[in-house]
Amino acid sequence: MNKILMIALGILTSIGGFLDVGAIATAAEAGSEFGYQLIWAILLGTICVIFLVEMSGRLAAASKHTLADAIRERFGISFYIIPLIAEVFVDFLVLAAEIGGVCIALQLVTGISFQWWALPVAFAIWILLWKGTLGLIENGISTLGLITLVFVFATFKLHPSLTQLGAGILPTLPREDVTHYLFIAVSILGALISPYLFYFYSSGAVEDKWDEEYIGVNRMIAGVGMGFGSIVSLGVLIVAALVLHPKGIQVDSYEQAALMLTETFGYWGFILFAASLGIACFGAALEVSLDTAYIVAQTFGWNWGESLHPKEAARFSLVYTVFVFLASLLMLVGIDPLQLTLFSMAITTLTLPPVILPFLVLMNDKSYVGEYRNGWITNSVLIFTIALAFILAIVAIPLEIIGG
Amino acid sequence: MKRLRIIIFGFLWLPTLLTACSRPSSADEVKKELQTINSWATTAHMVGEAWRKGNVPTPYAKTTLQKAQKELHKEADTLEKKASGKEQEILLKHLQNLDQLISQISKAVEQKDYNAIAQPLQELATEEQAVSALAKASEQP
């Protein structure tokens, strides 16, 4: 494929695929409760995720190893088992939350309780994984995700004060409810720096047979795509801050968040919100399911690949089949999707240190990345991100108890 | 090994320490409840208003109004435990009014009666202002 076309498609799909249930929930809650005060958390998370995604892609292109493969090979199975178990557990919670997001979107439109949608949604995810290809999932669903740009259009239509937006870039503590503020900040970072992104991205790159020629493409997709993608997340926060915050509405459920776009776009605003939530969560659910199947198959040395026929990668296909079905059960029993989302985002931060720490070794190991080793800027950002990951992992649970 | 034990011990005690340091006072808890009541009352108002203008579908309006009522009932239960005396009496009275008004709005939505919704929406706005004023008053030292 022509490189420019590939970069353009990569950027578009990064923007369309940026939002997921966690990003929508945390940004809406942040905007409705604290106005623009948590913009800095989205910006900080975006910078970290740009660098980590770029490194995952560079590792895959330069070494032909997925992240999971490289960690297992370089550190041994006794080390890799820790991030593996943690990742599978977090993926399970996140997948249930994503399925919940799709179910809620359907509930908003039809009025039929989200629990009834759990199994049909799980089936739709499974059939697409079973019959579809990686290209369809990466490009097709993520391109549909461009509908989430509606939050950016709404932002422009609402004319936010640039001075106040600028003030949100600098971290400040609110006068009250500090623990809840910090909990939301941790959840935003957990939603943005999702470990599944790195495993999924590197597996996709290996499946698409990236080599050194793709280093530039990777850099553009990670930098520009993720950078613009974060604008969608900022859009959700800003719209919530402008529409819900002044009225005193705190987003405690998706039904409240659904009102965000009705003042700007009327009935279509409501439909566009439901469509954005549904498509973003559906796309993310496909990625999380695949991610779990990728890392499990890569750990045990099974055949893997979304583009392979299920018969050629039977155990890989079995993993996502079981996983999707089990995750849908959490919604079937009626667990609150928003609370599950916030909980799983906080738990995600616990798994960050063992997932991010190996980057420091792998991305400086000549036998893996050769001449494409990290420079001092990338290493500085990586060390900062690792330190941040440790802090987040330590404070996540106390903040969940006190401020969640 | 000893150092590791100290670190683990410290890590386990951190939540307890933070919880103890940040335990909110009874007044803070009541204030938080008032904010939640205000949030759900305003949600019900916004949903009713949006339904009247045809900006949201009827099934969504019904579900969300039911949810708002359910949340307000939960708040009433909580306030019965946390607030006391005159304060409790006033707050429960407001919650009762809100509950009645949201029931009227729900009924209008159920019957698709666009004329019947205007009056309870107006009264709901007045109740919201009263709850909001109480929340602000609770912020005063």
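Residues numbered from 1 in each chain as written. Chains lettered and ligands numbered in written order. Predicted model: local features only at pLDDT ≥ 70, side-chain atom pairs only at ≥ 80, totals over all residues.

Caption draft 1: Representation of the overall build of chain B in the model. The number of helices and strands found in chain B is five helices and zero strands. Evaluated residue by residue, chain B yields a buried proportion of 33% over its 141 residues. In chain B, the proportion of contacts linking residues at least 24 apart, taken out of those at least 6 apart, comes to 73%. (Helix = DSSP H or I, 4+ residues; strand = E, 2+ residues; numbered from the N terminus. Buried ≥ 20, exposed ≤ 12 C-beta atoms within 10 Å, placed from the backbone. Contact = placed C-beta atoms within 7 Å.)

Caption draft 2: Expanded view of the overall build of chain A. A count of helices and strands for chain A gives 19 helices and zero strands. Relative to the globule expectation of 22 Å for 404 residues, the C-alpha radius of gyration of chain A, 20 Å, shows essentially globular dimensions. Over its C-alpha atoms, taken along the principal directions, chain A stretches across nearly 55 × 45 × 45 Å. By the burial criterion, 57% of the 404 residues in chain A qualify as buried. Here the analysis covers contacts within chain A between residues at least 6 apart in sequence; of these, 86% occur between residues at least 24 apart. (Rg over C-alpha atoms; globule rule 2.2 N^0.38 Å.)

Caption draft 3: Region of the structure containing the interface of chain A and chain B. With 22 residues of chain A at the interface, the matching set in chain B holds 25 residues. For the side of chain A that touches chain B, the elements supplying multiple residues, two or more each, are α5 (77-110), α13 (254-257), α15 (267-300) and α19 (376-403) of chain A. The dominant element in the side of chain A that touches chain B, judged by the number of residues it contributes, is α19 of chain A, at five residues. Taken together, the residues that form the side of chain A that touches chain B break down as eleven nonpolar, nine polar and two charged. (Nonpolar A, V, L, I, M, F, W, Y, C, P; charged D, E, K, R; others polar.)

Caption draft 4: Examining helix α10 (residues 178-192) of chain A more closely. Residue and element names in this part refer to chain A. Helix length check: α10 (15 residues) gives 21 Å between terminal C-alpha atoms against 21 Å at 1.5 Å per residue, within 8%. Burial in α10 covers these residues: Tyr-181, Phe-183, Ile-184, Ala-185, Val-186, Ser-187, Ile-188, Leu-189, Gly-190, Ala-191 and Leu-192. Its buried side turned inward, α10 meets α2 (21-34), α3 (39-63), α17 (337-362) and α19. (Expected span 1.5 Å × (residues − 1).)

Caption draft 5: Quick peek at helix α4 (residues 67-75) of chain A. Residue and element names in this part refer to chain A. When α4 is considered as a whole, its buried residues turn out to be Leu-67, Ala-68, Asp-69, Ala-70, Ile-71 and Arg-72. On the buried face of α4, the contacting elements are α3, α5, α11 (195-207), α15, α17 and α18 (366-369). One or two residues past the end of α4 sits Gly-76, with phi positive at roughly 90°.

Caption draft 6: Layout of the packing of α10 of chain A against α17 of chain A. All names here are of chain A. Contact pair α10 / α17: the axes reach a minimum separation of 8 Å and the direction vectors enclose 75°. With respect to α17, the axis of α10 lies roughly perpendicular. Across the interface between the two elements, Val-186, Ser-187, Leu-189, Gly-190 and Ala-191 of α10 pack against Leu-342, Met-345, Ala-346, Thr-348 and Thr-349 of α17. Its residues placed into classes, the contact of α10 with α17 shows six nonpolar, four polar and no charged. (Axes fitted to C-alpha atoms, helices over the stretch in contact; angles between N-to-C directions. Parallel < 35°, antiparallel > 145°, perpendicular 65-115°, else oblique.)

Caption draft 7: Inspection of the packing of helix α7 (residues 134-144) of chain A against α15 of chain A at higher detail. Residue and element names in this part refer to chain A. Running from amino to carboxyl end, α7 crosses α15 at an angle of 165°, the nearest separation of the two axes being 8 Å. Judged on the interaxial angle alone, α15 and α7 are roughly antiparallel. Every pair of crossing elements has a handedness; the one defined by α7 and α15 is left-handed. Across the interface between the two elements, Ile-137, Ile-141, Ser-142 and Leu-144 from α7 touch Ile-279, Phe-282, Gly-283 and Leu-286 from α15. Its residues placed into classes, the contact of α7 with α15 shows six nonpolar, two polar and no charged. (Left-handed = near helix turned anticlockwise from the far one by under 90°.)

Caption draft 8: Examining the environment of Thr-299 of chain A more closely. Assignment of secondary structure puts Thr-299 of chain A in helix α15. In this view, Thr-299 of chain A contacts Ala-68, Arg-72, Tyr-80 and Leu-84 of chain A; residues no more than four positions away in its chain are not counted.

Caption draft 9: Expanded view of the confidence of the model for chain A. Averaged over chain A, the pLDDT score is 91; the fraction of residues at 70 or greater is 100%. Mean pLDDT per element in chain A: helix α1 (residues 3-16) of chain A is the minimum at 80, and helix α8 (residues 150-158) of chain A is the maximum at 96. (pLDDT = per-residue confidence, 0-100.)

Caption draft 10: Region of the structure containing the confidence of the model for chain B. Residues and elements named next belong to chain B. Chain-level statistics for chain B give a pLDDT mean of 81 and a share of 77% at 70 or above. Per-element averaging of pLDDT across chain B places helix α1 (residues 2-21) at the bottom with 49 and helix α3 (residues 58-82) at the top with 90. The complex prediction reports pTM at 0.91, with the ipTM value standing at 0.86.

Caption draft 11: Summary view of unusual backbone geometry. Residue and element names in this part refer to chain A. For Lys-64, which is not glycine, the phi dihedral falls at a positive 60°. The residue Lys-64 is located in the loop between α3 and α4 in this model. Residue class for Lys-64 comes out partly exposed when judged on the 16 C-beta atoms lying within 10 Å of it. Positive phi outside glycine occurs at His-159, with the angle close to 50°.

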